[in-house]
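# Coordinate inspection notes
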Amino acid sequence: MDPVKTWSAVLSELELKVSRPIFAAFFSKTKFSSFENDVITIKVSNPLIKEIIESRYFLEIKSLVAKYYNKETALVFKVDGTVKKEESPGPLFAPISRVRVFEDLAKLSHLNRFYTFENFAVSSSNQMAYAAARAVSQLPGHSYNPLFLYGGVGVGKTHLMQAIGLEVLKKQPNTKVIFCTGEEFTNEIIDAIRSKTTYRFKNKFRNAQVLLIDDVQFIAGKNAVQEEFFYTFDAIYRRGSQIVFTSDRPPSEISKLEERLRSRFEGGLLIDIQQPGFELRTAILLIKARQKGFDLPMNIAQELALEVSDARRLEGSLIRVLTEAQVRKEPLSLSLVQKVIGTKQQARPLGYPLSPSAFFNAVSKHYNIKVSFLKSKTRARPVSFPRQILMYLLRLELNLSLNEIGSLLGGRDHSTVLHGVEKITSLVSSSEKVQKDLFSIKNLTVNK
Ligand code: ADP
Ligand code: MG
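Residues numbered from 1 in each chain as written. Chains lettered and ligands numbered in written order. Predicted model: local features only at pLDDT ≥ 70, side-chain atom pairs only at ≥ 80, totals over all residues. Heavy atoms only, no water.

## Some thoughts on the packing of aromatic side chains
The line we're drawing: The aromatic pairing rule takes the rings of Phe, Tyr and Trp, using the six-membered ring of Trp, and pairs them if the centres are within 6.5 Å, calling planes under 30 degrees apart stacked, those over 60 edge-to-face and the rest tilted. Only runs of H or I of at least four residues qualify as helices and only runs of E of at least two qualify as strands under DSSP, and these elements are numbered from the N terminus. Only protein chains enter the accessibility calculation, which uses a 1.4 Å probe; a residue whose area is less than 20% of its type maximum is buried, one above 50% is exposed, and one in between is partly exposed.
If you walk through the whole model with that rule in mind, you get 18 aromatic pairs. With a centroid separation of 6.1 Å and 0° between ring planes, the pair formed by F120 and Y130 is classed as stacked. Of this pair, F120 sits in the loop between α4 (97-107) and α5 (127-138) while Y130 sits in helix α5, and the two are 10 residues apart along the sequence. Each member of the pair F120 and Y130 is classed as buried.

What follows is the structure, given as structure tokens:
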């Protein structure tokens, strides 16, 4: 089938699957660009749309595309500001440099290419950590070894750690940089021990020139893991390779951590990162918006920074506001921020800790349905609708992943969760009832 027609066919199928505002906002602005070397390139009008399509609809579109081609066809979206709505699709030839970008990304394995030093805003709460991370990336293994960064959720530990990796790779692309989380490390050790392949594991880690272990507190309490970890650490350290750790607390407060590990951690440079203040939150929002191709007005960034004090929710809130503006076809404004984030009316206490269970309880109370029903297999509408509301809230308010939400909800798979989130997303803009429901549920999470 003619690739241009194929894309129109995919679009018509999508139109049936997603709600009308979603289709109008995101898909009507896509345009077939090229089909070369088994790569279909689709143009979209701006980076936010690209991000939303890639993060939420990619698999769906991929499976539709696969229906029209027998072989594995790669699908690539690229931003092209000239793409306008309602333009008739036509073939256009574009270089497939994106494919290369993906290859490079793969090479960087676990590193997020946006987590660079350039994209990291510096203020009093993190300047020490920033300076140390910079120094380490200049001369890995020579300045501070190990470097141990600790601090609360969302303060930028993972970002800084990855910036070190990216910077080292930028300067010396052949350096063996390994990034992994304490949890992945633990799982790999356990698997290796179980399958008697510890030698492979040892080779992989011991040859690292820069080893980045994120959330190292996770290894505490697991004895075999700690032992293997200690020897790996020792071997790497003795070879003069750089090691960087992050943790949610200082070594002295990690319980069930072997003493010898604690003293190794403390033998390096320990730096804490504090929660970002208002100025820094504003700067972070401006950076995040720019990454998405948006020039966020200062007053909007400040309003958002005022509303959202939890660092981890900053980006999610920004995406919500940008998405809502697209869906509602409204310009960004202070009142839109209020409508979407809307904490002012709710007088949220400072540092208001949000947990999934607060939302479970609030949804349960609002719809008068037991929490166990929400987690149960039943698909009866009186339960499934509140469950979808809950999915939506967990996704947007807590930024949980689809898989995390699925498992909190009694082991549902991520596509079910995605469907629920999308359904409510499209209702939010059209149904006053849903808006009111969400508003009172959010209130319930505050005034238990
Ligand atoms: P942590 O690992 O400490 O929980 P992350 O590094 O995952 O936090 O940061 C959470 C989000 O906030 C990421 O999107 C990150 O890019 C962003 N962020 C945090 N601090 C900064 C900063 N100083 N400048 C830019 N972005 C930041
Ligand atoms: Mg982290």
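## Observations regarding the nonpolar core
Filter applied, for reference: Definition used in this section: a nonpolar core is a set of buried Ala, Val, Leu, Ile, Met, Phe, Trp, Tyr and Cys residues joined via side-chain atoms within 4.5 Å. Here a residue-residue contact requires only that any non-hydrogen atoms of the pair lie within 4.5 Å.
With 43 residues, the main nonpolar core has L14, F26, F27 and I61 as its most contacted residues. For this core, the element with the most residues is helix α3 (residues 47-68), which contributes 8 residues. Leaving out residues up to four positions away in the same chain, I61 has contacts with W7, V10, L14, F27, I53, L75 and F77. By size, the runner-up hydrophobic cluster in this structure holds 28 residues, among which are Y367, L390, L409 and V417.

## Here's the deal with the side chain of N145
Note the threshold: Pairs of N or O atoms within 3.5 Å make up the polar contacts considered here, provided that, within protein, one atom can donate a hydrogen while the other can accept it, and that residues adjacent in sequence are counted only when both atoms are side-chain atoms.
Counting through the fold element by element, N145 comes out in the loop between α5 and β4 (147-151). Among the polar contacts listed, one links the side chain of N145 to the backbone oxygen of S241, at a separation of 2.8 Å. At 3.3 Å, the side chain of N145 forms a polar contact with the side chain of Q242. Setting aside residues up to four positions removed in sequence, N145 forms contacts with Y237, S241, Q242, I243 and G268.

## Concerning the packing of helix α19 (residues 414-430) against helix α20 (residues 432-446)
Formally: Lines are fitted to the C-alpha atoms to define the axes, a helix being fitted only along its stretch in contact, and any angle between axes, read from their N-to-C directions, falls within 0 to 180 degrees. Any angle that falls under 35 degrees is termed roughly parallel, while one over 145 is termed roughly antiparallel, one within 65 to 115 roughly perpendicular, and all others oblique. Ten residue types, Ala, Val, Leu, Ile, Met, Phe, Trp, Tyr, Cys and Pro, are classed as nonpolar, four, Asp, Glu, Lys and Arg, as charged, and the remainder, Gly among them, as polar.
Running from N to C, α19 and α20 cross one another at 105°; their axes reach a closest spacing of 6 Å. Taken together, α19 and α20 sit at an angle that is classed as roughly perpendicular. In this structure, α19 uses I424, L427, V428, S429 and S430 to contact α20, whose residues at the interface are E432, V434, Q435 and L438. Considering only residue class, the contact of α19 with α20 consists of 5 nonpolar, 3 polar and 1 charged.

## With respect to helix α6 (residues 157-171)
The condition that has to hold: Helices are assigned an expected span. That span is 1.5 Å times one less than the residue count.
If you check α6, its first and last C-alpha atoms are 22 Å apart, about what 15 residues at 1.5 Å a residue would give, namely 21 Å. Along α6, 12 of the 15 residues are buried, which leaves the element largely enclosed by surrounding structure. Its buried side turned inward, α6 meets α5, β4, β5 (177-181), β6 (210-214), β7 (242-247) and β8 (269-273).

## Re the environment of V136
For V136, the position within the fold is in helix α5. Judged by relative accessible area, V136 falls into the buried class, the value being 0%. Through-space distance from the C-alpha of V136 to that of I243 is 9.4 Å; in sequence the pair is 107 residues apart. Not counting chain neighbours up to four residues away, the residues in contact with V136 comprise S143, Y144, L147, I164, Q242 and V244.

## Digging into the pattern of salt bridges
Just so we agree on the cut-off: Each reported salt bridge corresponds to a side-chain nitrogen of Lys or Arg within 4 Å of a carboxyl oxygen of Asp or Glu.
Under the criterion given, the structure shown has 23 salt bridges. Residues E167 and K171 are paired through a salt bridge, measuring 4.0 Å at the closest nitrogen-oxygen approach. Separated by 4 residues within a single helix, E167 and K171 lie in helix α6, roughly one turn from each other. Take E167: its relative accessible area is 8%, and that puts it in the buried class. For the salt bridge of D191 with R194, the shortest nitrogen-to-oxygen distance reads 3.7 Å. One end of the pair, D191, and the other, R194, are both in helix α7 (residues 182-194), 3 residues apart, so they sit about a helical turn from each other. For D191, a relative accessible area of 44% gives the class partly exposed.

## Notes on the sheet that holds strand β3 (residues 74-79)
What counts, and what does not: Here, strands pair whenever DSSP counts at least two bridges between them.
Across the sheet, 3 strands lie side by side as β1-β2-β3; this open sheet has mixed pairing. With partners counted over all chains shown, the strands left at the sheet margins are β1 (31-36) and β3, one partner each. With direction set aside, neighbouring strand axes in the sheet form an average angle of 25°. Taken together, the 5 bridges between β1 and strand β2 (residues 39-44) define a ladder with antiparallel strand orientation. Pairing of E36 across the sheet is with V39, part of β2. Packed onto the sheet, helix α1 (residues 3-17) meets β1, β2 and β3 and runs at close to 135° relative to β1. Running over the sheet, α3 touches β2 and β3 and is turned about 160° from β3.

## Here we look at the pairing of β6
Let me state the cut-off plainly: The crossover handedness rule: strands pointing away from the viewer, path from first strand over the helix to second strand clockwise, crossover right-handed.
Burial analysis of β6 places 5 of its 5 residues in the buried class, the great majority of the element. Of the strand pairs in this sheet, β5 and β6 are connected by 5 bridges, and their pairing is parallel. Considered in β6, the bridge of C180 is made with I213. Looking at chain direction, β6 and β7 are connected through 4 bridges and run parallel. Bridge pairing in β7 places L212 opposite V244. Remark: the β6/helix α9 (residues 223-238)/β7 crossover connection has right-handed handedness.

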